[in-house]
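# Architecture and fold: a report
Each chain, written out:
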2 protein chains.
Amino acid sequence: MIRRLDHEEERKLLSTRRIARLGCVINGEPYVVPVNYIFDGEYAYVHSLPGRKITALRAHPRACLQVDLIEDTCHWQSVLAFGDFEEIHDPTERAYYLGKLLARYPLLTPVESAMAEDAEPPSIILFRIRIDKICGISES
Amino acid sequence: MIRRLDHEEERKLLSTRRIARLGCVINGEPYVVPVNYIFDGEYAYVHSLPGRKITALRAHPRACLQVDLIEDTCHWQSVLAFGDFEEIHDPTERAYYLGKLLARYPLLTPVESAMAEDAEPPSIILFRIRIDKICGISES
């Protein structure tokens, strides 16, 4: 049976999963990459090196995050959360959310610290998606 | 170390994984859903009920399939395959590829057979993405 998830189920899946597939649009073409993220109920925070997705999101900030829990072909939940890309530049906010990301994903390179040591400007990108629409479904 | 996958590694990942995240564009907004698929080296075949992604792909046929194998935050492979959506209407082709999909994913509802029994036209959609660009990376 396929059904819509309720608000609480959608939030729970978004808050507990560790990998999202981030979708964006590059010159009218879809582009999807896996990302680690944290969701605080309003924003999803993501840490990234510069690259195609960042260039794309700066040009066309509409994004989606697809998060799922798939047991098998007919037992799964999937949530799609849509929102706008916002880059975080404020040093205090950067330090706070990078700290949260590193606490949840300790294997992520702590680029911020490495950069501070050799006095180079940080090349790591920290951004968030302000979630304004969520749609979840499940099959069981 | 992050590196580009070679052609053979990209093909291997696409051929062996069972879940892809299908990306498409709806009114300029990215849309991503998990799908089961088979890849024959040229096309990726997908079975679907009617819904938002089908409406979107009929209107804007450019699509991508993101496929990955993620061990942890810094050990993963991800391939992004781009191509155009083509719906398959020919009954012989439909039977052949639906058979292949059902052989690989036995839990998928064999809608085609159910439909044949009550003489309704099949509502199941069978489509393929003609892959014309592949880009794979890995971290290890």
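Higher on the page you've got the structure.
So, here's what we can say about the structure. Just so you know, these numbers come straight off a predicted model, no measurement behind them.

## Description of the pairing of strand E7 (residues 75-87) of chain B
All names here are of chain B.
- Direction of pairing for strand E6 (residues 62-72) relative to E7: antiparallel, over a ladder of ten bridges. Across the sheet, residue Ala63 finds its bridge partner in E7, namely Gly83.
- Following E6, the chain reverses through two residues before pairing antiparallel with E7.
- Here E7 pairs with strand E8 (residues 125-139) via twelve bridges, running antiparallel. For Gln77, the partnering residue across the bridge sits in E8 and is Ser138.

## Notes on the nonpolar core
- Core analysis: the biggest nonpolar cluster contains 62 residues, and Ala44(A), Leu65(A), Ala44(B) and Leu65(B) have the highest contact counts within it.
- Excluding anything up to four places from it in sequence, Leu65(A) contacts Ala20(A), Leu22(A), Tyr37(A), Ala44(A), Ala81(A) and Ile129(A).

## Thoughts on the environment of Gly28(B)
- Tracing the chain through its elements places Gly28(B) in the loop between strand E2 (19-26) and strand E3 (29-36).
- Sequence separation between Gly28(B) and Asp84(B) is 56 residues; the distance between their C-alpha atoms is 17 Å.
- For Gly28(B), the residues in contact, after removing those within four places along its chain, are Val25(A) and Arg62(A).

## Overview of the relation of the copies chain A and chain B
- When chain A is fitted to chain B, the best match, at an RMSD of 0.0 Å, comes from turning it 180° and sliding it 0.0 Å along the axis. Such a combination of turn and shift is consistent with a two-fold rotation axis.
- Most of the interface of chain A is mirrored in chain B: 100% of its interface residues are interface residues there too.

## Things to note about helix H1 (residues 7-16) of chain A
All names here are of chain A.
- Of all the residues in H1, the buried ones are Glu10, Leu13 and Leu14. In an axial view of H1, the angular spread of the buried residues amounts to 95°, which keeps them on one side of the axis. Opposite its buried face, H1 presents the exposed residues Glu8, Ser15 and Thr16, each directed more than 90 degrees away.
- Residues of H1 that are buried sit in contact with strand E4 (38-39), strand E6 (62-72), strand E7 (75-87) and strand E8 (125-139).

## A few points about the environment of Pro50(A)
Residues and elements named next belong to chain A.
- For Pro50, the location among the structural elements is in the loop between strand E5 (43-48) and helix H2 (52-59).
- For Pro50, a count of 10 C-beta atoms within 10 Å gives the class exposed.
- The sequence separation of Pro50 and Leu126 amounts to 76 residues, and the corresponding C-alpha distance is 9.9 Å.
- In contact with Pro50, not counting residues within four places along its chain, are Ser123 and Ile125.

## Focus on the interface of chain A and chain B
- If you look at the interface, chain A gives 28 residues, while chain B gives 28 residues.
- Going through the elements one at a time, strand E2 (19-26), strand E3 (29-36), E6 and E7 of chain A are the ones with two or more residues in the side of chain A that touches chain B.
- Among the residues forming the side of chain A that touches chain B, the class breakdown is 17 nonpolar, six polar and five charged.

Conventions adopted
Residues numbered from 1 in each chain as written. Chains lettered and ligands numbered in written order. Predicted model: local features only at pLDDT ≥ 70, side-chain atom pairs only at ≥ 80, totals over all residues. Pairing = 2+ DSSP bridges. Helix = DSSP H or I, 4+ residues; strand = E, 2+ residues; numbered from the N terminus. Core = buried A, V, L, I, M, F, W, Y, C linked by C-beta atoms within 7 Å. Buried ≥ 20, exposed ≤ 12 C-beta atoms within 10 Å, placed from the backbone. Contact = placed C-beta atoms within 7 Å. Least-squares fit on C-alpha atoms with pLDDT ≥ 70 in both. Arc of directions from axis to C-beta. Nonpolar A, V, L, I, M, F, W, Y, C, P; charged D, E, K, R; others polar.

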